[in-house]
Amino acid sequence: MIGRLNHVAVAVPDLDAAARVWRETLGAEVSEPSDLPEHGVTVCFVCLPNTKIELLHPLGDASPIQAFLDRNPSGGMHHVCYEVADIEAACRTLAASGARILGDGRPRTGAHGKPVIFLHPRDFTGTLIELEQV
Ligand code: CO
């Protein structure tokens, strides 16, 4: 079902400081921050030859990553995103296997404007998984 690794998301308490680390210490190309109010995050993309790292910072009072940062004050890996060709088919296969899709179980539009779902970490060895239709 899953294809390429689309991105790894890292939640960070200080977006400017994190962007500097990736840009200056690690020598990577880092985008300017962009606010995604409908997702409650501000993101910077680190572009690597084979994938992206998404640096996530909470935006607004109801950010979905605030609780994660409360538990991990210095930041940490938040989720991995795999590409799928057909997200509706993925939903059906996952539901049939008993895996839990977060939210209402339906795809929604993700940070890249494409349909995504998130899968419960307890069903996937402790890792929050995002599937994105490409
Ligand atoms: Co993501």
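Bear in mind the structure is a predicted one, so any value in this text is a computation, not a measurement.

Enquirer: I'd like a rundown of helix α3 (residues 87–97), residues and numbers included.
Expert: Restricting attention to buried positions, one finds in α3 the residues Ile 87, Ala 90, Cys 91 and Leu 94. Angular distribution of buried residues about the axis of α3 spans 100 degrees; they occupy a single face of the element. Seen from the open side of α3, the exposed residues pointing more than 90 degrees away from its buried face are Arg 92 and Ala 96. Against the buried residues of α3 lie β6 (76–84), β8 (115–119) and β9 (129–133). The residue sitting at the N-terminus of α3 and contributing the capping side-chain oxygen is Asp 86; that oxygen lies 3.1 Å from the backbone nitrogen of Glu 88. Just beyond α3, the residue with positive phi is Gly 98, at close to 90 degrees.

Enquirer: Before we move on, can you summarise unusual backbone geometry with the specific residues and values?
Expert: If you check the backbone angles, Thr 125 has positive phi at about 45 degrees while not being a glycine. Structurally, the position occupied by Thr 125 is in the loop between β8 and β9. Here Thr 125 falls in the exposed class, since its relative accessible area comes to 80%.

Definitions and limits used
- In this numbering scheme, every chain counts its residues from 1 along its sequence in written order.
- This being a predicted model, a pLDDT of at least 70 is required before a residue's local features are given, and a value of 80 or more before pairs of side-chain atoms are given or counted; all residues contribute to the totals for chains, interfaces and linings.
- Only heavy atoms go into the side-chain values, all of them from the structure, while hydrogens and water stay out.
- Exposure is judged per residue with a 1.4 Å probe applied to protein chains only, and the accessible area is read against the type maximum: over 50% gives exposed, under 20% gives buried, and values in between give partly exposed.
- Think of it this way: any DSSP run of H or I at least four residues long counts as a helix, any run of E at least two long counts as a strand, and we number them from the N terminus.
- The directions considered for the arc are those from the helix axis to the C-beta atoms.
- Here, two residues are considered to be in contact whenever any of their heavy atoms come within 4.5 Å of each other.
- Pairs of N or O atoms within 3.5 Å make up the polar contacts considered here, provided that, within protein, one atom can donate a hydrogen while the other can accept it, and that residues adjacent in sequence are counted only when both atoms are side-chain atoms.

None of this, on its own, says anything about what the molecule does.
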